[in-house]
Amino acid sequence: GYHGAIVTWYDYRGSQYGIYTQRVDSLGNIKWTVDGELVCQAANGRWLPEIASDGYHGAIVTWYDLRNGSHHDIYAQRVDSLGVMKWIANGVAICQATGSQLRPEIVSDGYHGAVITWYDSRSGTADIYAQRVDSLGVVKWIADGVAVCQAANTQGLPQIVSDGYHGAVITWEDLRGGTYYDIYTQRVDSLGNAKWT
């Protein structure tokens, strides 16, 4: 929003992976702490962060991690334009359901929050879920997210864009046909309701 960018990455400094972020201005100058601001350093590892604007010159970062020791969960953190973390230390829980939740993707909800999607093995095979989080770090839909797709076999690798109405359109690869992956999509409104078939 000021002609620069905020970037995020996972980083093996010390003894385990952590999530970091950095802001760079339009001239390529680093604006925050050298080598980035620490977003999350909870126990065990954190991987593959994704990022969206918070609409206030900051960002919301999401990732999956193994802090509970038995399966991966989804977390998020908001960082302001000065590099200050705005939510609880090491991020708010987006989903802590049984089984593993992996590869979150994120888009702004247009209200300084975000909609996050991921694939989720709570039922034994991978399905697609989503959750909305507001500017204060409060999840807005049902605990552990709404089911976007629970078709037979495996759904994975979701992608997400805004629907322009504070919800999102989510697409994914899908093995419900049993032989080859096909592509499906669903719109989720601002209340977490699926709008298409």
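Residues numbered from 1 in each chain as written. Predicted model: local features only at pLDDT ≥ 70, side-chain atom pairs only at ≥ 80, totals over all residues. Heavy atoms only, no water.

Points about unusual backbone geometry
Here is step 1 of the chain: Positive phi values are uncommon outside glycine, yet Arg 103 reaches one of about 50°.
Here is step 2 of the chain: In this structure, Arg 103 sits in strand 8 (residues 101–108).
Here is step 3 of the chain: At Asp 144, a position not held by glycine, the phi torsion is positive, near 70°.
Here is step 4 of the chain: Within the fold, Asp 144 resides in the loop between strand 10 (127–133) and strand 11 (146–149).
Here is step 5 of the chain: On the basis of relative accessible area, Asp 144 is assigned to the partly exposed category, the value being 25%. (Helix = DSSP H or I, 4+ residues; strand = E, 2+ residues; numbered from the N terminus. Buried < 20%, exposed > 50% of the residue type's maximum accessible area, 1.4 Å probe, protein only.)

Considering the sheet that holds strand 7 (residues 92–95)
Here is step 1 of the chain: Here we have 4 strands laid out as an open sheet, ordered 4-5-6-7, and antiparallel in their pairing. Edge positions in the sheet fall to strand 4 (46–53) and strand 7, since each has one partner strand and no second. Ignoring strand direction, the axes of neighbouring strands in this sheet form an average angle of 30°.
Here is step 2 of the chain: One ladder, built from 3 bridges, connects strand 6 (residues 73–79) with strand 7; its direction is antiparallel. Considered in strand 7, the bridge of Ala 76 is made with Val 92. (Pairing = 2+ DSSP bridges. Axes fitted to C-alpha atoms, helices over the stretch in contact; angles between N-to-C directions.)

Notes on the nonpolar core
Here is step 1 of the chain: Core analysis: the biggest nonpolar cluster contains 17 residues, and Ile 74, Ala 76, Ile 94, Ile 116, Trp 118 and Val 133 have the highest contact counts within it.
Here is step 2 of the chain: For this core, the elements supplying multiple residues, two or more each, are strand 4, strand 5 (59–65), strand 6, strand 7, strand 9 (114–120) and strand 10.
Here is step 3 of the chain: Setting aside chain neighbours within four positions, we find Ile 94 in contact with Ile 74, Tyr 75, Ala 76, Ile 116, Trp 118, Gln 131, Val 133, Val 139 and Asp 144.
Here is step 4 of the chain: Counting 16 residues, the second largest nonpolar core, distinct from the first, contains Val 148, Ala 151, Ala 168 and Ile 170. (Core = buried A, V, L, I, M, F, W, Y, C linked by side-chain atoms within 4.5 Å. Contact = heavy atoms within 4.5 Å.)

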